[in-house]
Amino acid sequence: MTEGLSGCVFCRIVAGEAPAEIVHETDRIIAFRDRNPRAPVHVLVAPKDHVDSAAEIGPEHGDMLAELFVVAAHVARAERVAESGWRMVTNTGPGAGQSVFHLHFHLMGGRSMGWPPG
Ligand code: AMP
């Protein structure tokens, strides 16, 4: 299901070809606001290089994932949810609700969170 640059909306955001409100980026990671926020803070944190989903993660992605979580914690602090608490979730596969097949983590905060997620 790997899509090229032209077919993947998150690859287009990374390339600057589609609009997004980017809140933070590094050489490898981009964080931008979800266009349909489900919480007061709802930021998507993704690798710039295309990976379809968590199901495709391998040992070669270790450094990238560490950086992604460092970026997430930075964004949580910048968005002022570090103390109140925040959640990171990645939907993997259509049955789990994945609709964009470029690996991304939903960073959500600013309201109380139910468990388990629906
Ligand atoms: P998922 O359904 O887990 O794959 O999450 C995809 C998320 O991407 C959804 O929450 C969408 O609202 C969000 N989304 C889709 N397209 C865009 C876009 N162009 N800019 C920002 N967020 C987007």
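Further up the page is the structure itself.
Residues numbered from 1 in each chain as written. Predicted model: local features only at pLDDT ≥ 70, side-chain atom pairs only at ≥ 80, totals over all residues. Heavy atoms only, no water.

*Asks:* Which residues make up the site of the ligand, and what values go with them?
*Replies:* In the vicinity of the ligand there are 16 residues, among which D34, N91, G97, S99 and H106 approach most closely. For the ligand, an oxygen atom lies 2.8 Å from a polar atom in the side chain of N91. For the ligand, an oxygen atom lies 3.0 Å from a polar atom in the backbone of V100. When isolated, the ligand has an accessible area of 500 Å², and the protein chains bury 87% of it. More than half of the atoms of the ligand fall within 2 Å of the grid points belonging to the largest pocket. Contributing elements (two or more residues each) for the shell around the ligand: α1 (9–14) and β2 (29–33). (Near = heavy atom within 4 Å. Polar contact = N/O pair within 3.5 Å; in protein donor to acceptor, adjacent residues only side chain to side chain. Areas by Shrake-Rupley, 256 points an atom, 1.4 Å probe, with all protein chains shown as cover. 1 Å grid on protein atoms, 1.4 Å probe; cavity = no way out; pocket = protein on both sides within 12 Å on 5 of 7 lines; lining within 4 Å. Sits in = over half its atoms within 2 Å of the grid points. Helix = DSSP H or I, 4+ residues; strand = E, 2+ residues; numbered from the N terminus.)

*Asks:* Explain the side chain of S53 to me, and be specific about the residues and the numbers.
*Replies:* With respect to the element layout, S53 can be found in the loop between β3 (41–47) and α2 (62–78). Only 3.0 Å separates the side chain of S53 from the backbone nitrogen of A55, close enough to count as a polar contact.

*Asks:* Break down the sheet that holds β2 for me, with residues and values.
*Replies:* With respect to topology, five strands assemble into an open sheet ordered β1-β2-β3-β5-β4, the strand pairing being antiparallel. Sheet topology places β1 (22–25) and β4 (86–89) at the edges, where each strand pairs with a single neighbour. Taken pair by pair, the neighbouring strands of this sheet meet at an average axis angle of 20°, ignoring direction. Two elements, β2 and β3, share five bridges in a ladder whose sense is antiparallel. Each residue of the ladder has a partner; that of F32, found in β3, is L44. (Pairing = 2+ DSSP bridges. Axes fitted to C-alpha atoms, helices over the stretch in contact; angles between N-to-C directions.)

*Asks:* Residue-level account of the pairing of β1, with values.
*Replies:* Pairing of β1 with β2, which is carried by three bridges, proceeds in the antiparallel orientation. Looking at the pairing, H24 lines up with A31 of β2. Counted along the chain from β1 to the antiparallel partner β2, the turn is three residues long.

*Asks:* Could you give an account of the nonpolar core, with specific residues and numbers?
*Replies:* Ranked by internal contacts, the top residues of the largest apolar core, which has 17 residues, are V43, V45 and L107. Those elements that provide at least two residues to this core are β2, β3, α2 and β5 (105–109). Top element by residues in this core is α2. It accounts for seven residues. Those residues within four positions of L107 in sequence are excluded, and the remaining contacts are V41, H42, V43, V45, A72, V75, A76, W86, R87 and M88. (Core = buried A, V, L, I, M, F, W, Y, C linked by side-chain atoms within 4.5 Å. Buried < 20%, exposed > 50% of the residue type's maximum accessible area, 1.4 Å probe, protein only. Contact = heavy atoms within 4.5 Å.)

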